[in-house]
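# Overview (structure and organization)
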Amino acid sequence: MISNNLYKLWNRLSSGSYFPSPVRRVDIPKADGGTRPLGIPTVADRIAQEVVRRKLEPILEPVFHADSYGYRPGKSAIDAVRQARQRCWRYNWVLDIDVKGYFDNIDWELLLKSVRHHTDCPWVLLYIERWLKVPVSMGDGSVVERQAGTPQGGVISPLLANLFLHYAFDAWMARYNPHIPFERYADDIVCHCRSADEAQALRSALQERLAACKLEMHPGKTKIVYCKDKNRCGDHPNTSFDFLGFTFRARKTMWKGVPAHGFLPAVSQRSLKSISRTVKRWRLHLRSDMPLDELAKIANPHVRGWINYFSHFYRTALRPTLKRIDLYVIRWARRKFKRLRRKTKGSRDWFDRLRRADPNLFAHWQLCHGNGRTSGAV
């Protein structure tokens, strides 16, 4: 059955008779309380997009800038944060750039021009154009035509979005501002400058550049930041910035066993709030019908993901938020065991005995109750 469907799709792709279905609109919550619209293609459309992605990616990958990290093989968000951390030690100023509604505002003609620059394959060009212009199926059943952008959620969208910003930003920076290093992960961009005047000049030039590419720099979220720490004098209204879930600011730390002070990344308050909301939604304390190891199975996949990502830098910042899971476990025990219901100290003693007896039951216990050190995360 599956092979028959794949054959039909291949036949349509080969003959040029393939037309994608409308993408399904799904709104997912953002950390700031808003929503981000995703366009989810059908399974057949995702397979077709993967075919084109595998054709196009080997051609484009050698062209992309070394400091473009988003959705690229062998590169990750952690690589971008690590590079930004090192450059913040050498450069005093940062231009933190936010492109307003990037995925929804990519100009089709400019994007197709970029694709044509790298390939003349007729079926690649044909199907990319059809995917760009496919309408959106809304939740109420209506179908809405689109005028710009590439739907977030498509297999081909990250590669096309990277290609567009490669010419709109990366290549432009390499040509006109080669002395200013940057890190870009999709549309999240950090530029490192030696002075406030240089950062302001870059901001003005980038506004014109993005406008020429029919994009807009977000006026409220784009800002110039002074990387102030104990070793840097002077005042500025902005002395911190967020990048890929981390907040960069002055922090105390340990360096080779000696107390130190630097401009460092750690998990952002916005990310911590998102983690807290997720933990609260589990409602572990109300699941007294479940054994303890089942509670751990609910929590651990999420917790391991948070630790694997956020503990790369200043890992102790995660501890207070992850320790809230322990409070829910204690409340679960007080609901499940009558002998603990009126004994706050008794429930905490029970928890301490549990943790010592099985220190690996919950994924965060080694971090929160072990010997993790801030210096190990820097």
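Here the structure is a predicted model, which means the values were calculated and not measured. (Residues numbered from 1 in each chain as written. Predicted model: local features only at pLDDT ≥ 70, side-chain atom pairs only at ≥ 80, totals over all residues. Heavy atoms only, no water.)

## A word on a nonpolar patch on the surface
Applied cut-off: Two distance rules govern patches: like charges are joined within 9 Å, and nonpolar side chains (Val, Leu, Ile, Met, Phe, Trp, Tyr) within 5 Å, applied only to residues with over 30% relative accessible area and no salt bridge. Per-residue and other accessible areas were derived by the Shrake-Rupley procedure at a 1.4 Å probe size, with only the shown protein chains allowed to occlude residues. Salt bridges are defined as contacts in which a side-chain nitrogen from Lys or Arg sits within 4 Å of a carboxyl oxygen from Asp or Glu. Elements are defined by DSSP. Helices are runs of H or I of four residues or more, strands are runs of E of two residues or more, and each kind is numbered from the N terminus. Type-normalised accessible area, obtained with a 1.4 Å probe on protein chains alone, sets the label of each residue: buried when under 20%, exposed when over 50%, and partly exposed for intermediate values.
A cluster of nonpolar side chains, Leu-6, Val-43, Ile-47, Val-51 and Trp-123, forms an exposed patch at the surface whose accessible area comes to about 400 Å². Among the elements that make up the nonpolar patch, the one with the highest residue count is helix H2 (residues 43–60) (3 residues). The class for Leu-6 is partly exposed, based on a relative accessible area of 42%.

## A word on the confidence of the model for the chain
Convention followed: How sure the predictor is of each residue is captured by pLDDT, a score from 0 to 100. Pairs of residues are marked as contacts when any of their non-hydrogen atoms sit within 4.5 Å.
Within the chain, residue pLDDT values average 90, and 94% of them lie at 70 or more. The least confident element of the chain, judged by mean pLDDT, is helix H15 (residues 374–377) at 39; the most confident is strand S6 (residues 182–185) at 98. Here residues 372–378 is modelled with pLDDT under 50, and outside its nearest four sequence neighbours on either side it reaches 21 contacts, counting other chains as well.

## Description of the packing of aromatic side chains
Our working definition: Any two rings among Phe, Tyr and Trp, with Trp reduced to its six-membered ring, count as a pair given centres within 6.5 Å; such a pair is stacked if its planes are under 30 degrees apart, edge-to-face if over 60, and tilted if neither. Only when the NZ atom of a Lys or the CZ atom of an Arg is both within 6 Å of the ring centre and within 35 degrees of the ring normal do we say a charge sits over the ring.
Applying the stated rule across the entire model yields 21 aromatic pairs. Between Phe-169 and Phe-182, the ring centres sit 4.9 Å apart and the planes meet at 80°, which makes this aromatic pair edge-to-face. Remark: Phe-182 occurs in strand S6 and Phe-169 occurs in helix H7 (residues 157–176); sequence separation between them is 13 residues. Since its relative accessible area comes to 3%, Phe-182 is described here as buried. One aromatic cluster is present, built from ring pairs that chain together Phe-246, Tyr-309, Phe-310 and Phe-313. Arg-130 extends its terminal NZ or CZ atom over the ring of Phe-19, reaching a point 3.8 Å from the ring centre. In this structure, Arg-339 is placed above the aromatic ring of Phe-337, and the distance from its NZ or CZ to the ring centre is 5.6 Å.

## What about the pattern of salt bridges?
Under the criterion given, the structure shown has 13 salt bridges. Of the charged contacts, one joins Glu-61 and Arg-72 as a salt bridge, the two residues approaching to 2.6 Å between their closest N and O atoms. In this pair, Glu-61 sits in the loop between H2 and helix H3 (77–90) while Arg-72 sits in the loop between H2 and H3, placing the two residues 11 residues apart along the sequence. Across this residue pair, the class does not change: Glu-61 and Arg-72 are buried. Of the charged contacts in the structure, one is a salt bridge between Arg-355 and Asp-352, with a shortest N-O distance of 3.7 Å. Taken together, the residues Arg-355 and Asp-352, both in helix H13 (residues 344–357) and 3 residues apart, mark about one turn of the helix. Because the salt bridges share partners, they merge into one network encompassing Glu-50, Arg-53, Arg-54 and Glu-57.

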